[in-house]
Amino acid sequence: MLYKQLSPEGQDGKGLCNLDFVDRYADILQANLPNKFSDFDRFFSGTQRLETLAAILKRHIQEDGLTVLNVGSGPFATELFVERLQKQQVQSIDYTPEFAPFYQLLLNEGYIANTSFEQVDVMEVEFPQKAFDLIIIHDVLFEKALEMETLITRLSPFLKPGGYLYFDFINSRTQWVKRLFGRHDQFRYYDPVKVKGFVTHAGFEILSFEATRKAHSWPIRVLHHALQILSRGSGNYSVLVQSKSRP
Ligand SMILES: C[S@@+](CC[C@H](N)C(=O)[O-])C[C@H]1O[C@@H](n2cnc3c(N)ncnc32)[C@H](O)[C@@H]1O
């Protein structure tokens, strides 16, 4: 089947693509996710979740044909809807078995043909040194079981000199306000100042460090607005850095 890449009607002009496939993608998720994951169809097909990543990559990455590692790919929403990934060679990994079948299901639909997939734990996987031009860790570093510095230190040898690393995280400075609103934290938080210090010390240049745009119901939007005012910062940050050691 031909690879359905970048149909013009499916692009938003800001970095998302294949948006004409969103409804069908949501149907595929709903039909194939096991019961314990039943709410995830709306989560993963909510493409506004990907807007900040898509916009940052569109702004900073002009090259095609890059080798990309997508860490914790889930059911491949990033590979489907982020325009700047369409003409790259993407290696996706995720350790959750329930998401693995979506790889073949989406290939059958004519999408993600530029993607390879391996079901594996990111803390155990190995790649050749300097294998990737870009590593993406999108919507993953909230996991308690993954620690940012440990993960980035582990993945850094797989990045080419001059390669890019994208990640996002929840701001620890908003944690107390969340508690005030009765929100329980089953997530991992990071201090933006310490994150900046860590990536700089690890040999990266910061290209983008910005508030993550999130799609939410109005009560959650009010909460986020309150968080921003009270903690003088955003609830979530999206970061693109580049390895300083050029080839
Ligand atoms: C919220 S989903 C995000 C999926 C995708 N990055 C996206 O933005 O659509 C988080 C994903 O990280 C994966 N994940 C968490 N820890 C992992 C690990 N140690 N190794 C591989 N995948 C992991 C989970 O299985 C899950 O699919």
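Within any chain, residue numbers begin from 1 and follow the written order of that chain's sequence. The model is predicted, so local features are restricted to residues of pLDDT at least 70 and side-chain atom pairs to those at 80 or more, both for listing and for counting; the totals for chains, interfaces and linings are taken over all residues.

### Focus on the environment of Ala26
Then, number 1: Put simply, DSSP H or I for four residues or longer makes a helix, DSSP E for two residues or longer makes a strand, and each gets a number counted from the N terminus. Tracing the sequence through the fold places Ala26 in helix 1 (residues 22-32).
Then, number 2: Residue classification places Ala26 among the partly exposed residues on the basis of 15 C-beta atoms within 10 Å.
Then, number 3: The spacing of Ala26 and Phe43 is 17 residues in sequence and 9.3 Å in space, taken between C-alpha atoms.
Then, number 4: Every residue in contact with Ala26, bar those within four places of it in the chain, is listed here: Asp41 and Ser45. Burial in this document is a count-based property: other C-beta atoms within 10 Å of a residue's C-beta are tallied, and the residue is buried at 20 or more, exposed at 12 or fewer, or partly exposed in between, with C-beta positions derived from the backbone. Residues are scored as being in contact if the C-beta atoms we place from backbone atoms lie within 7 Å.

### Some thoughts on the site of the ligand
Then, number 1: Neighbouring residues of the ligand: 19 residues in total, closest Gly72, Gly74, Tyr95, Thr96 and Asp139.
Then, number 2: Elements with a contribution of two residues or more to the shell around the ligand: helix 4 (77-81) and strand 2 (89-94).
Then, number 3: Among the residues making up the shell around the ligand, the classes are represented as 9 nonpolar, 6 polar and 4 charged. Note on definitions: a residue is near a molecule or strand provided its C-beta atom, placed from the backbone, lies within 6 Å of it. Charged means Asp, Glu, Lys or Arg here, nonpolar means Ala, Val, Leu, Ile, Met, Phe, Trp, Tyr, Cys or Pro, and polar covers whatever is left, Gly included.

### Some remarks on the pairing of strand 1 (residues 67-71)
The side chains of a regular strand alternate, residue by residue, between the two faces of the sheet.
Then, number 1: Counting buried residues along strand 1, 4 of its 5 residues qualify, which places the element largely inside the surrounding structure.
Then, number 2: In this description, strands pair whenever DSSP reports at least two bridges between them. For strand 1 and strand 2, the ladder comprises 5 bridges, and the chain directions are parallel. Directly across from Val68, in strand 2, lies its bridge partner Val90.
Then, number 3: Where strand 1 meets strand 4 (residues 132-137), 3 bridges bridge the pair, whose relative direction is parallel. Across the sheet, residue Asn70 finds its bridge partner in strand 4, namely Ile136.

### Quick look at the nonpolar core
Then, number 1: Formed by 56 residues in total, the largest nonpolar core has its most connected members in Leu80, Val82, Ile135, Ile137, Leu165 and Tyr166.
Then, number 2: When residues of this core are assigned to their parent elements, the largest contribution, 7 residues, is made by strand 5 (residues 159-171).
Then, number 3: Excluding residues that lie within four positions of it along the chain, Leu80 makes contacts with Asn18, Phe21, Tyr25, Leu106, Tyr111 and Ile112. Linking buried Ala, Val, Leu, Ile, Met, Phe, Trp, Tyr and Cys residues through C-beta atoms within 7 Å yields a set, and such a set is a nonpolar core.

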